[in-house]
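This is what each chain is made of:
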Amino acid sequence: GVTFGQLVMKILILGGGIFLGAAVLRSALDRGHELTVFNRGRACSAWPQGVEAIVGDRSVDLGRLDGQRFDAVVDTCGYVPADVKKSAEALRGTRSYCFVSSISAYASFRHAPVREIDPLADFSSLAPGDHDPTHYGAQKAACEAEVRAVFGERALLVRPGLIVGPGDRSGRFSHWPWRAMQGGEMLVPDLGDDEPLQFIDVRDLGAWIVRLLEREERGVFNGTGPARGASCAWSDLLAACEDQAARRGARAVQVTPVAESFLLEHGVAPWSELPLWLASGDIENHGHSRVEIERAERTRLTTRPLEQTVAAVIDEGVPGEDDARRRGKLTLAREAKLLALWHERQRLEAAP
């Protein structure tokens, strides 16, 4: 059969139940491909019509794929090198193996832009079965090496930046649309308008990965946004959050920029407590939101308007303060205390 000018492919997704795996699955189905998923069946047990589901743990149950033939594999959940080695070897007869890595695999972000040819994290002392989440970057670099060892030039390695949008369990990007929906005075780091932000809607990343498979692309691609020469700054994100919240009748937001020095002085943790904020003086992360995506754009990576991503996050619902996705992030109570201290400092500095 033919779909959109492309031959129908038999695609295997390792994972596929949540977030990026689910986005790849939806996009591939929409384009008429045949889908099989292999996962533990914990995150999802009901699959769209036509999807074959094989339940198993990739570390011990890959034998359940024996006899199956696929045109392409998308590995969305590999970070333990030993597991990725097993899956690559078990599926070596496949035409293409797409491993979803991460920009965290790079050795350094002290420079900009960050390009696909830059050195990767050192994994020489990493144990093959390492599960320690603090070793994430080295794990992804080691996993890439395992895929290359089996597939060579047939390997397709995608390194996303921050993946955002509906279904995001991290709550990092989502923190800002959620906060805008709560209204009132909102603390933001004072970065000016020119500090870039990079992230990609999970739906855009999933659709692009399917197009890469259709085009039989190979090699390494950074995958983040925004694409098409657009840029995104803090002011753009805040404006989109305010606008979409206002459209839904939320209480008005009053944005109060607070100096980075004050935030750091009061122990506010960049990136985790105030998501997406990396202190401007943080030399170690200078290139984190300056990742080059020219190769991706040449292979038709497109990203939707920021407003659509913000709207989708809001329309999923604003979770309560005790939701796991809000864990470790700035609470309304701590925000109010910091704002009070900030205004007092401003008053004292303005006093004669």
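This structure is a prediction, so every number in the text was calculated from the model and none was measured.

Each value, and the rule that gives it
- Residues numbered from 1 in each chain as written.
- Predicted model: local features only at pLDDT ≥ 70, side-chain atom pairs only at ≥ 80, totals over all residues.
- Heavy atoms only, no water.
- Core = buried A, V, L, I, M, F, W, Y, C linked by side-chain atoms within 4.5 Å.
- Buried < 20%, exposed > 50% of the residue type's maximum accessible area, 1.4 Å probe, protein only.
- Helix = DSSP H or I, 4+ residues; strand = E, 2+ residues; numbered from the N terminus.
- Contact = heavy atoms within 4.5 Å.
- Phe/Tyr/Trp six-rings, centres within 6.5 Å; stacked < 30°, edge-to-face > 60°.
- Lys NZ or Arg CZ within 6 Å of the ring centre and 35° of its normal.
- Salt bridge = Lys/Arg side-chain N within 4 Å of Asp/Glu carboxyl O.

**Student:** Even after reading the chapter, I still don't get the nonpolar core, so can you show me in this structure?
**Tutor:** In summary, soluble globular proteins display a tendency toward joint burial of nonpolar side chains. With 37 residues, the main nonpolar core has Phe 173, Trp 176, Phe 199 and Leu 276 as its most contacted residues. The set of elements that each furnish at least two residues to this core consists of helix H4 (175-182), strand E10 (184-189), helix H6 (234-247), strand E13 (253-258), helix H7 (260-265), helix H9 (306-315) and helix H10 (332-350). When residues in this core are grouped by element, the largest group, 6 residues, is from H6. Apart from the residues within four sequence positions on either side, Trp 176 is in contact with Met 186, Leu 187, Val 188, Pro 189, Trp 234, Leu 237, Leu 238, Cys 241, Leu 274, Pro 275 and Leu 276. If you look at the next biggest cluster of nonpolar residues, it comprises 32 residues, including Met 9, Ile 163, Val 202 and Phe 221.

**Student:** What's the story with the packing of aromatic side chains in this structure? I'm lost.
**Tutor:** We describe a pair of aromatic rings using the distance from one ring centre to the other and the angle between the two ring planes. Scanning the model with the defined rule gives 6 aromatic pairs in all. Look at Trp 176 and Trp 234: their rings are 5.3 Å apart centre to centre, the planes differ by 90°, and that puts the pair in the edge-to-face class. With Trp 176 in helix H4 and Trp 234 in helix H6, this residue pair connects regions lying 58 residues apart in the sequence. Judged on exposure class, the residue Trp 176 and its partner Trp 234 are both buried. Here the aromatic rings of Phe 262 and Trp 342 are separated by 5.1 Å at their centres, their planes lie at 65°, and the arrangement is edge-to-face. Pair noted here: Phe 262 is in helix H7 and Trp 342 is in helix H10, with a separation of 80 residues, a long-range link. For Phe 262, a relative accessible area of 1% gives the class buried. Taking the ring centre of Phe 221 as reference, the NZ or CZ of Arg 295 above it sits at 4.3 Å.

**Student:** Looking at this structure, how should I read the pattern of salt bridges?
**Tutor:** When their charged atoms lie close together, side chains carrying opposite charge are able to pair. Enumeration according to the criterion identifies 21 salt bridges in this entry. In this structure, Glu 292 and Arg 115 form a salt bridge, with 3.0 Å as the shortest nitrogen-oxygen distance. Of this pair, Glu 292 sits in the loop between H7 and helix H8 (294-298) while Arg 115 sits in the loop between strand E7 (96-100) and helix H3 (136-151); the two residues are 177 residues apart in sequence, bridging distant segments of the chain. For the salt bridge of Arg 159 with Glu 144, the shortest nitrogen-to-oxygen distance reads 2.8 Å. A residue pair is termed long-range when its members are at least 10 positions apart, and Arg 159 in strand E8 (residues 155-160) and Glu 144 in helix H3 qualify at 15 residues. Of the two residues, Arg 159 and Glu 144, neither departs from the other in class, the shared state being buried. Because the salt bridges share partners, they merge into one network encompassing Asp 201, Arg 203, Asp 204 and Arg 304.

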